[in-house]
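In case you want the letters, here they are:
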Amino acid sequence: MRKVAALYGGNAHQYRSLNEPKYRRYIHEIIYLPEFEQASLDGIDVLLVPSQLHLGLLVKAQKKIWEFAESGGTVIALGQQPKEWIPAQNWEFRPTNFWWWLDKAAKSGLVLAKPEHDLFKYISLGDATWHYHGVFWPPEGSEVLISTEDHGAILYVDKVSTAGTWIVTTLDPEYHYGSYFMPATERFLDGFMPWIAEGTF
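Residues numbered from 1 in each chain as written. Predicted model: local features only at pLDDT ≥ 70, side-chain atom pairs only at ≥ 80, totals over all residues. Heavy atoms only, no water.

Which residues make up helix α6 (residues 183-198), and what values do they have?
Turn by turn, an α-helix covers 3.6 residues, leaving residues three or four places apart pointing in a common direction. A rise of 1.5 Å per residue sets the reference length of α6, with its 16 residues, at 22 Å; its end C-alpha atoms lie 24 Å apart and thus fit the reference within 8%. Residues Ala184, Thr185, Phe188, Leu189, Gly191, Phe192, Met193, Pro194, Trp195, Ile196 and Ala197 constitute the buried set of α6. (Helix = DSSP H or I, 4+ residues; strand = E, 2+ residues; numbered from the N terminus. Expected span 1.5 Å × (residues − 1). Buried < 20%, exposed > 50% of the residue type's maximum accessible area, 1.4 Å probe, protein only.)

For the packing of aromatic side chains, give the residues involved together with the corresponding values.
Under the counting rule described, the total for this entry stands at twelve aromatic pairs. With centroids separated by 6.4 Å and ring planes inclined at 70 degrees, the aromatic side chains of Trp66 and Trp166 adopt a geometry described as edge-to-face. Here Trp166 lies in strand β10 (residues 165-169) and Trp66 lies in helix α4 (residues 62-70), a separation of 100 residues in the sequence. A relative accessible area of 0% places Trp166 in the buried class. Grouping aromatic residues by their ring pairs yields a cluster made of Trp130, Phe188, Phe192, Trp195 and Phe201. Seen from the ring of Tyr180, Arg16 lies directly overhead, with NZ or CZ sitting 3.8 Å from the centre. (Phe/Tyr/Trp six-rings, centres within 6.5 Å; stacked < 30°, edge-to-face > 60°. Lys NZ or Arg CZ within 6 Å of the ring centre and 35° of its normal.)

Mind laying out unusual backbone geometry, listing which residues take part and the relevant values?
For Ala88, which is not glycine, the phi dihedral falls at a positive 50 degrees. The residue Ala88 is located in the loop between β4 (74-78) and β5 (91-93) in this model. When its relative accessible area of 46% is taken as the criterion, Ala88 is described as partly exposed. One non-glycine residue, Met182, adopts positive backbone phi at about 80 degrees. Position of Met182 among the secondary structure elements: in the loop between α5 (173-178) and α6. Looking at Met182, the relative accessible area reads 23%, which means it is partly exposed.

Give a description of the side chain of Asp158 that names residues and reports values.
Tracing the sequence through the fold places Asp158 in strand β9 (residues 153-158). Buried within the structure, Asp158 lacks any salt-bridge partner; its nearest side chain of opposite charge belongs to Lys159, at an N-O separation of 9.8 Å. Within the local environment of Asp158, its side chain forms a polar contact with the side chain of Ser161, the two groups lying 2.6 Å apart. Ignoring anything within four residues of it in the chain, the contact list for Asp158 reads Pro87, Pro139, Ser142, Gly164, Thr165 and Trp166. (Lys, Arg positive; Asp, Glu negative; His and termini not counted. Salt bridge = Lys/Arg side-chain N within 4 Å of Asp/Glu carboxyl O. Polar contact = N/O pair within 3.5 Å; in protein donor to acceptor, adjacent residues only side chain to side chain. Contact = heavy atoms within 4.5 Å.)

Hey, could you go over the pairing of strand β8 (residues 143-148) for me, with residue numbers and the actual values?
Pairing analysis gives three bridges linking strand β6 (residues 110-112) to β8, with the strands arranged antiparallel. Paired with Val111 across the two strands is Ser147, which belongs to β8. As paired strands, β8 and β9 are joined by four bridges and run antiparallel to one another. Paired with Ile146 across the strands is Leu155, a residue of β9. (Pairing = 2+ DSSP bridges.)

How would you sum up the side chain of Asp172? Please name residues and give values.
Tracing the chain through its elements places Asp172 in the loop between β10 and α5. Arg16 provides the closest opposite charge to the buried, salt-bridge-free Asp172, at an N-O distance of 13 Å. A distance of 3.3 Å separates a polar atom in the side chain of Asp172 from a polar atom in the side chain of His176. Sequence-distant contacts of Asp172, defined by excluding residues within four places in its chain, comprise Ser51, Gly79, Trp130 and His133.

Please provide a residue-by-residue account of the pattern of salt bridges, values included.
For the coordinates displayed, the defined rule picks out seven salt bridges. Between Lys22 and Asp190 there is a salt bridge, with the nearest N and O atoms lying 3.1 Å from each other. Of the two residues, Lys22 sits in helix α2 (residues 21-24) while Asp190 sits in helix α6, which places them 168 residues apart along the sequence. In this structure Lys22 comes out as partly exposed when scored by relative accessible area, which is 30%. Taken together, the shared-partner salt bridges in this structure form one network comprising Lys22, Glu186 and Asp190.

Here is the structure:
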């Protein structure tokens, strides 16, 4: 099983999600973001970067995160990214429709771009469907796994920008699970956490 370290910004939703026993079993270490510069990543395979971290501290941590990726590590970035810190980050904000599921003939607009990928042995498209805050237009050579109907990336894997792997998604499951709403986010984490620890990227 890969050794996963997760950044923690001090928010209640992050605390709940990262310390929930069924997810904590996949996390080797939780690193408080203000102490990240002094923390050792020796032996860590995956760095999980939750949504809604302090943006100033996250940008300050960019150099160390990139160095980790360049050493062959895997970085997982969750949620919308209004500040640029991800390689070739091409983020497009889109207004969030929180109530799309109330519409007649409700349709999320999300599609599986690569249904044969190993991730989908762990989760379904329904598990990744609640709402989204924007899309990425990832670098050429990346694998887009979940997209919008107009091909904006909701979740992609980038193995071209650094020597390591970047798994980037606009989805924010740990926020909603930790905030006690959006049942799909629990199903997402139930599959996603074992995948990042044991699955094939």
